[in-house]
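Take a look at the letters that make up each chain.
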Amino acid sequence: MLRIGVMAIDGLKAIVVLCAALLCAAAWAQSEPGCLDCHTQGDESTVHQVFKTVHGAINGGGANACTACHGPSEKHDRRGKKQPVDISFGPLWTSDVDTRNASCQGCHDNKAQIHWVGSAHQQENLACSDCHQSHTPQDPVMGDDGAQALCLNCHTQVRAELQLPSRHPISEGKTDCVDCHNPHGSLGEAALNEVTLNDNCFSCHQDKRGPFLWEHPPAAEDCALCHRPHGSVNERLLTARGPALCQQCHAAAFHPSVPYGSEGLPGGSANQNLLGKNCLNCHSQVHGSNHPSGARLTR
Ligand code: HEC
Ligand code: HEC
Ligand code: HEC
Ligand code: HEC
Ligand code: HEC
Ligand code: HEC
Ligand code: HEC
Ligand code: HEC
Ligand code: HEC
Ligand code: HEC
């Protein structure tokens, strides 16, 4: 009796196993293997790292995350044929740049990416994936150091400007490219974060915003009339040094030369104002003055 019972249980087991195998085979016949059947965890590639990023959960996660970026790819690698995915970012196959970008823009065409189309980078055929790494848990470009290194790879002129004697402390890590620029484009010139150049400067240099009782028109108009944004051979990021800076707009003839003549200079006869003196010695409030008698920007 006991023997028979054991045999019956064995038989049952065999049937269960057989059924499972049949079910499996039926399932296999019905549906092709999914992305994760072939691109498995043990894979030497870093493919599965995507599940350690925010994108691991998109479209419900699992293989649906893969197809959200790479497309359904129904023909891809089926039946031994080495067919590409619908949207590939390389290295084996590389879809054209518009196709690759459309994949990302499907979800990122608003917020900071809203001005991508028409931006300098889009027109230069940059791909989102030239800057972003989607299969890396910490996308390097999302950190300030990573972004800067990447930007400077292409922008060698800016790299040179950051070595000049006077410079914004960008290499020093106190400000960064993306504090002023949106790499995805913006409404402002030079892809600046704020629409006007001055508003961009005011976001850190609030004291220069005013309003001033006595404005100096060029400062209110455009800081770049006197300053370079990245670096300069002249101190304080200035476009020119000493009187030359001011004389671009203030021809010497306009200066009241008579009352400020040679009096203060022992034995001299030349105009003190123009004797290689920096105009700032007297006109120190070049950005504007709030002093009741600061009309000449001297206090
Ligand atoms: C039947 C197995 C199999 C399935 C299923 C499969 N792949 Fe692949 N895939 C491969 C193989 C193998 C390669 C390497 C290329 C080759 O040798 O043909 C590859 C390569 C790739 C590449 C690299 C492309 C490149 O340019 O380097 C991507 C991306 C990719 N697969 C995505 C997917 C996605 C997304 C899915 C699900 C829709 C998927 N794969 C399903 C086997 C598969
Ligand atoms: C957020 C979009 C996105 C998602 C989600 C995504 N990928 Fe990718 N995939 C990319 C990009 C972009 C690259 C190019 C390399 C990079 O940027 O990291 C890439 C590269 C690859 C490669 C080539 C890797 C190599 O260097 O050989 C394979 C294979 C691949 N993906 C498969 C998959 C699979 C499988 C999934 C789902 C588990 C998936 N991808 C999910 C965007 C994505
Ligand atoms: C199916 C929608 C979808 C697609 C396709 C997609 N993303 Fe995303 N992405 C998201 C979501 C959701 C988040 C998290 C919320 C957010 O930041 O908007 C995100 C976040 C990001 C972030 C911020 C990551 C972080 O660590 O904070 C970057 C960068 C990004 N995506 C780049 C890309 C790139 C590049 C592609 C194309 C290769 C892409 N995305 C494709 C949905 C998507
Ligand atoms: C020139 C390099 C570059 C290109 C090209 C680029 N990005 Fe970015 N992206 C960045 C940097 C740098 C940041 C980090 C911005 C920050 O820290 O303020 C970022 C941030 C993001 C973020 C997350 C936070 C945010 O500001 O919205 C998303 C999403 C994103 N990028 C998507 C995209 C998509 C989609 C594309 C293609 C249409 C793209 N990026 C093209 C450099 C780039
Ligand atoms: C793959 C090369 C490449 C990378 C990486 C790159 N750029 Fe550019 N960028 C260009 C090219 C090409 C232009 C157009 C020519 C020019 O103005 O120098 C451009 C233009 C610009 C402009 C001028 C925009 C305008 O509207 O006139 C700014 C600002 C800029 N890039 C900032 C950045 C920042 C910030 C980064 C890093 C997040 C970056 N770039 C990364 C290639 C690159
Ligand atoms: C303090 C703000 C600020 C920072 C930080 C900054 N920029 Fe700029 N950048 C500007 C301004 C303002 C302009 C526009 C200059 C003009 O129109 O006179 C500009 C212009 C540019 C241009 C257009 C060409 C040119 O030189 O005029 C590029 C490219 C550029 N910046 C790249 C970068 C890169 C790369 C970084 C990081 C290494 C960076 N910028 C950091 C403010 C900044
Ligand atoms: C993201 C913040 C930020 C923005 C935006 C910014 N700056 Fe600065 N700026 C700084 C920092 C930080 C310093 C260094 C201050 C220090 O070390 O005390 C600085 C210093 C300066 C200096 C003095 C440099 C020197 O040699 O002492 C000038 C001039 C200047 N900025 C002009 C500008 C102009 C013009 C703009 C707009 C195009 C601008 N800044 C936008 C952060 C910023
Ligand atoms: C008419 C020329 C001119 C214009 C326009 C101008 N600056 Fe200046 N800026 C100067 C001069 C000259 C100095 C050096 C003053 C000194 O050394 O005492 C200076 C110094 C600075 C400094 C460093 C010293 C300090 O006062 O903090 C900052 C920051 C600065 N400017 C920001 C700005 C901003 C922001 C704008 C636009 C709103 C602007 N400047 C417009 C001429 C100008
Ligand atoms: C980009 C042109 C420009 C530059 C550069 C410039 N200024 Fe001016 N400045 C003006 C304009 C425009 C006025 C207003 C003139 C008027 O109201 O008649 C003005 C007004 C003045 C005034 C007041 C004059 C008055 O009649 O009330 C003084 C003082 C002055 N600037 C000094 C300087 C000094 C010092 C420098 C150099 C640091 C300088 N400016 C650089 C354009 C400039
Ligand atoms: C020794 C001090 C001193 C120096 C140096 C000096 N200025 Fe003046 N400047 C003055 C004073 C004081 C006034 C006001 C005169 C008045 O109210 O009649 C003035 C007036 C001006 C005015 C207004 C002119 C007008 O017609 O109302 C301008 C513009 C000006 N200076 C520009 C400059 C420039 C540019 C430099 C450098 C090349 C310079 N100043 C150097 C003291 C100086």
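Residues numbered from 1 in each chain as written. Chains lettered and ligands numbered in written order. Predicted model: local features only at pLDDT ≥ 70, side-chain atom pairs only at ≥ 80, totals over all residues. Heavy atoms only, no water.

Peer 1: Explain the overall build of the chain to me, and be specific about the residues and the numbers.
Peer 2: What the chain contains, in helices and strands, is twelve helices and two strands. Starting at the N terminus, the α and β elements of the chain follow one another as α-α-α-α-α-α-α-α-β-α-α-α-β-α. The buried share of the chain, reckoned over its 299 residues, is 22%. Across the chain, every contact between residues at least 6 apart in sequence was considered, and the portion connecting residues at least 24 apart equals 42%. (Helix = DSSP H or I, 4+ residues; strand = E, 2+ residues; numbered from the N terminus. Buried < 20%, exposed > 50% of the residue type's maximum accessible area, 1.4 Å probe, protein only. Contact = heavy atoms within 4.5 Å.)

Peer 1: Give me the site of ligand 6: which residues, what numbers.
Peer 2: Close to ligand 6 lie 19 residues, the nearest being Cys177, Cys180, His181, Glu189 and His230. In the model, a nitrogen atom of ligand 6 is placed 2.8 Å from a nitrogen or oxygen of the His181 side chain. For ligand 6, a nitrogen atom lies 2.8 Å from a polar atom in the side chain of His230. Elements supplying a minimum of two residues to the shell around ligand 6: helix H7 (144-154) and helix H9 (177-180). (Near = heavy atom within 4 Å. Polar contact = N/O pair within 3.5 Å; in protein donor to acceptor, adjacent residues only side chain to side chain.)

Peer 1: Go over the coordination of the iron atom of ligand 9 with me, naming the residues and quoting the values.
Peer 2: Looking at the iron atom of ligand 9, one finds its protein donor set to be His216 (NE2) and His250 (NE2), positioned 1.9 to 2.0 Å from the metal centre. Here the iron atom of ligand 9 binds six donor atoms, and the angle range of 87 to 179° at the metal identifies the geometry as octahedral. Of this pair, His216 sits in the loop between helix H10 (197-202) and helix H11 (217-221) while His250 is found in the segment after helix H12 (242-247), placing the two residues 34 residues apart along the sequence. (Donors = N, O, S within 2.8 Å, 3.2 Å for Na, K, Ca; no water. Tetrahedral: all angles 85-135°; square planar, octahedral: opposite > 155°, others 65-115°.)

Peer 1: If you had to explain the pattern of salt bridges to someone new, which residues and values would you point to?
Peer 2: Within the structure shown, the criterion is met by three salt bridges. Across the pair Glu172 and Arg167 runs a salt bridge whose closest N-O atoms are separated by 2.9 Å. Overall, Glu172 belongs to the partly exposed group, its relative accessible area being 43%. The salt bridge involving Asp199 is made with Arg209; its shortest N-O contact spans 3.8 Å. Separated by ten residues along the polypeptide, Asp199 in helix H10 and Arg209 in the loop between H10 and H11 bring together distant segments of the chain. With a relative accessible area of 47%, Arg209 lands in the partly exposed category. (Salt bridge = Lys/Arg side-chain N within 4 Å of Asp/Glu carboxyl O.)

Peer 1: I'd like to hear about the site of ligand 9, residue by residue, with values.
Peer 2: In the vicinity of ligand 9, 14 residues are found, and the nearest of them are His216, Cys246, Cys249, His250 and Arg296. His250 places a side-chain nitrogen or oxygen 2.7 Å from a nitrogen atom of ligand 9. One nitrogen or oxygen atom from the side chain of Arg296 is found 3.0 Å from an oxygen atom belonging to ligand 9. Among the elements of the structure, H11 and H12 are those that each provide at least two residues to the shell around ligand 9.

Peer 1: How would you summarise helix H4 (residues 97-105) if you had to cite specific residues and measurements?
Peer 2: Burial in H4 covers these residues: Val97, Arg100, Asn101, Ser103 and Gln105. Summarising the contacts, the buried residues of H4 are in contact with helix H3 (63-70) and helix H6 (128-131). Capping the start of H4 is the job of one residue whose side-chain oxygen sits 3.2 Å from the backbone nitrogen of Asp98: Asp96.

Peer 1: An account of unusual backbone geometry is needed here, citing residue identities and associated values.
Peer 2: In this structure, Pro91 follows Gly90 across a cis peptide bond, with omega equal to 5°. Mapped onto the elements of the fold, Pro91 is located in the loop between H3 and H4. Here Gly210 and Pro211 are connected by a cis peptide whose omega angle stands at 5°. Relative to the helices and strands, Pro211 is located in the loop between H10 and H11. Look at Ser73: it is not a glycine, yet its phi comes out positive at around 55°. Following the sequence through the fold, Ser73 ends up in the loop between H3 and H4. Non-glycine residue Arg236 carries a positive phi angle of around 55°. The class for Arg236 is exposed, based on a relative accessible area of 68%.

Peer 1: Please provide a residue-by-residue account of the environment of Ser119, values included.
Peer 2: With respect to the helices, strands and loops of the structure, Ser119 is situated in the loop between H4 and helix H5 (120-123). Along the chain, Ser119 and Asn182 lie 63 residues apart, while their C-alpha atoms are 9.9 Å from each other. Leaving out residues up to four positions away in the same chain, Ser119 has contacts with His184 and Gly185.

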